[in-house]
Amino acid sequence: MRISQEMPALPPFFADNGISSISQREKVILDLILRHDGLSQADIVLQSGFAQQTVSRLVKGLTDAGILRDGERQAQGRRGQPAVMMHVVPDFAYSFGIA
């Protein structure tokens, strides 16, 4: 009798969807945006302690991946153009917990 060496098919939520895991810094940015229901890049810089260039690069990567989206412009009492609020795309991923 021969034992099959094939691996069973993975459930759809474990299938390769082309999205790589995110870095710790990207997790910090997502956490801040989720907790505040949207933040500007300037606010992310202030609250995370990351350099402005780092935040800009990471936000662009998350936006290109479809995880973040640009929101409304909001005046923050600073000079220049109103800041663009960043939001997590609601349909990107789902999770649930059982207590």
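The model shown is predicted, which means the values in this text are computed figures rather than measured ones.

### Thoughts on the overall build of the chain
- When you go through the chain residue by residue, the secondary structure sums to 3 helices and 3 strands.
- Walking the chain from its N terminus toward its C terminus, one meets helices and strands in the order α-β-α-α-β-β.
- Counting every position in the chain, which comprises 99 residues, the buried fraction comes to 23%.

### Brief notes about the side chain of Glu26
- Within the secondary structure, Glu26 sits in helix 1 (residues 24-36).
- Put simply, Glu26 is tucked away with no salt bridge, and the nearest opposite charge, on Arg57, sits 6.6 Å away.
- Non-local contacts of Glu26, meaning those with residues more than four positions away in its chain, are made with Leu58 and Leu62.

### Regarding helix 1
- Over its 13 residues, helix 1 extends 19 Å from the first C-alpha to the last, a length consistent with the 18 Å expected when each residue adds 1.5 Å.
- Those residues of helix 1 not exposed but buried are Glu26, Ile29, Leu30, Leu32 and Ile33. End-on, the buried residues of helix 1 take up no more than an arc of 160°, which puts them together on one face. Exposed residues pointing more than 90 degrees away from the buried face of helix 1 are listed as Gln24, Leu34 and Arg35.
- Immediately downstream of helix 1, the backbone of Asp37 shows phi near 55°, a positive value.

### Observations concerning the layout of surface pockets
- Within this model, the largest pocket holds a volume of roughly 190 Å³.
- Every residue lining the largest pocket is listed: Ile22, Leu30, Leu34, Ile67, Val88, Phe92 and Ala93.
- Tallied by class, residues from the lining of the largest pocket come to 7 nonpolar, no polar and no charged.

### So, the pattern of salt bridges
- For the structure on display, the rule yields 2 salt bridges.
- Between Asp31 and Arg35 there is a salt bridge, and its shortest N-O distance comes to 2.8 Å. Note that Asp31 and Arg35 are positioned in helix 1 at a spacing of 4 residues, about one turn of the helix.

### Digging into unusual backbone geometry
- Its identity as a non-glycine residue notwithstanding, Asp37 has a phi of 55°, on the positive side.
- Summarising the element assignment, Asp37 is placed in the loop between helix 1 and strand 1 (39-40).
- Look at Asp37 and you get exposed, because its relative accessible area is 64%.

### A few points about the nonpolar core
- One finds Ile29, Ile33, Ile44, Val59, Leu62 and Leu68 to be the most contacted residues of the largest nonpolar core, which totals 14 residues.
- Breaking this core down by element, the ones donating at least two residues are helix 1 and helix 3 (52-64).
- Residues in contact with Val59, not counting those within four places in the same chain, are Ile29, Gln41, Ile44, Leu68 and Met86.

About the thresholds
- Counting from 1, residues in each chain are numbered in the order their sequence is written.
- Reporting in this predicted model follows two pLDDT cut-offs: at least 70 for local features of residues, and 80 or more for side-chain atom pairs to be given and counted; totals over whole chains, interfaces and linings ignore these cut-offs and use all residues.
- Based on all heavy atoms of the structure, the side-chain values leave hydrogens and waters out of the count.
- A run of H or I in DSSP becomes a helix once it reaches four residues, and a run of E becomes a strand once it reaches two; helices and strands are each numbered from the N terminus.
- Three exposure classes are used, based on accessible area relative to the maximum for each residue type with a 1.4 Å probe and protein chains only: buried under 20%, partly exposed in between, and exposed over 50%.
- Residues counted as positive are Lys and Arg, residues counted as negative are Asp and Glu, and His and the chain ends are not counted.
- Definition used for salt bridges: Asp or Glu carboxyl oxygen within 4 Å of a side-chain nitrogen of Lys or Arg.
- Any two residues whose heavy atoms approach within 4.5 Å are treated as being in contact.
- How far a helix is expected to stretch is found by multiplying one less than its residue total by 1.5 Å.
- An arc is given here, and it is the one of the directions from the helix axis to the C-beta atoms.
- Computed over the protein atoms alone on a 1 Å grid, cavities are sets of points where a 1.4 Å probe fits but cannot get out and pockets are open sets with protein on both sides within 12 Å along at least five of seven lines; a residue lines them when it has an atom within 4 Å of a point.
- Grid points are joined across faces, edges and corners, and a volume is the space filled by probe spheres set on the points.
- When residues are sorted by character, Ala, Val, Leu, Ile, Met, Phe, Trp, Tyr, Cys and Pro go into the nonpolar class, Asp, Glu, Lys and Arg into the charged class, and all the rest, Gly among them, into the polar class.
- Only buried residues count toward a nonpolar core, which is a set of Ala, Val, Leu, Ile, Met, Phe, Trp, Tyr and Cys residues joined through side-chain atoms within 4.5 Å.

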